Amino acid sequence: MLSLVIPCFNEQEAIPIFYQETTKVLKSINRDYELLFIDDGSRDDTLKILKNLAAMDSHVIYMSFSR
């Protein structure tokens with residue numbers, strides 16, 4: 001399994017683009033994978049976006065740390 005660990009802080013605009021492009025590549029290599037997003041206390045909608053992605057895609061895992 002391939003695991004990508006992605007640190008995030010106030011990345012609400014970048015995450016959807018990153019997710020879309022990354023999953024496109026990962027699906028093409030035909031290998032099991034996971035995307036582990038680490039939210040470091042974002043103050044925007046980063047955590048909300050990560051929760052939504054995790055709900056719709058079992059390859060997405062998130063962790064959230066508060067400041």
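Please refer to the structure placed before this passage.
Everything in this summary refers to the structure shown in the same document.

Scoring rules and cut-offs
- Residues numbered from 1 in each chain as written.
- Predicted model: local features only at pLDDT ≥ 70, side-chain atom pairs only at ≥ 80, totals over all residues.
- Heavy atoms only, no water.
- Phe/Tyr/Trp six-rings, centres within 6.5 Å; stacked < 30°, edge-to-face > 60°.
- Helix = DSSP H or I, 4+ residues; strand = E, 2+ residues; numbered from the N terminus.
- Buried < 20%, exposed > 50% of the residue type's maximum accessible area, 1.4 Å probe, protein only.
- Arc of directions from axis to C-beta.
- Contact = heavy atoms within 4.5 Å.

1. What about the packing of aromatic side chains?
1) Next: Scanning the entire structure with this criterion turns up one aromatic pair.
2) Next: Between the aromatic rings of F18 and F37, the centroid separation amounts to 6.2 Å while the plane-to-plane angle is 85 degrees, which identifies the pairing as edge-to-face. Taken together, the positions of F18 in helix α1 (residues 14-28) and F37 in strand β2 (residues 33-40) put the pair 19 residues apart, joining distant regions of the chain.
3) Next: The class of F37 is buried, set by a relative accessible area of 1%.

2. Digging into helix α2 (residues 46-56)
Quick reminder: α-helices carry 3.6 residues per turn. Residues three or four places apart thus point the same way.
1) Next: T46, I49, L50 and L53 are the residues of α2 that are buried. Angular distribution of buried residues about the axis of α2 spans 100 degrees; they occupy a single face of the element. Exposed residues pointing more than 90 degrees away from the buried face of α2 are listed as K48 and A55.
2) Next: Structurally, α2 contributes buried residues whose contacts are with β1 (2-8), α1, β2 and β3 (60-65).

The analysis is restricted to geometry; functional conclusions fall outside its scope.
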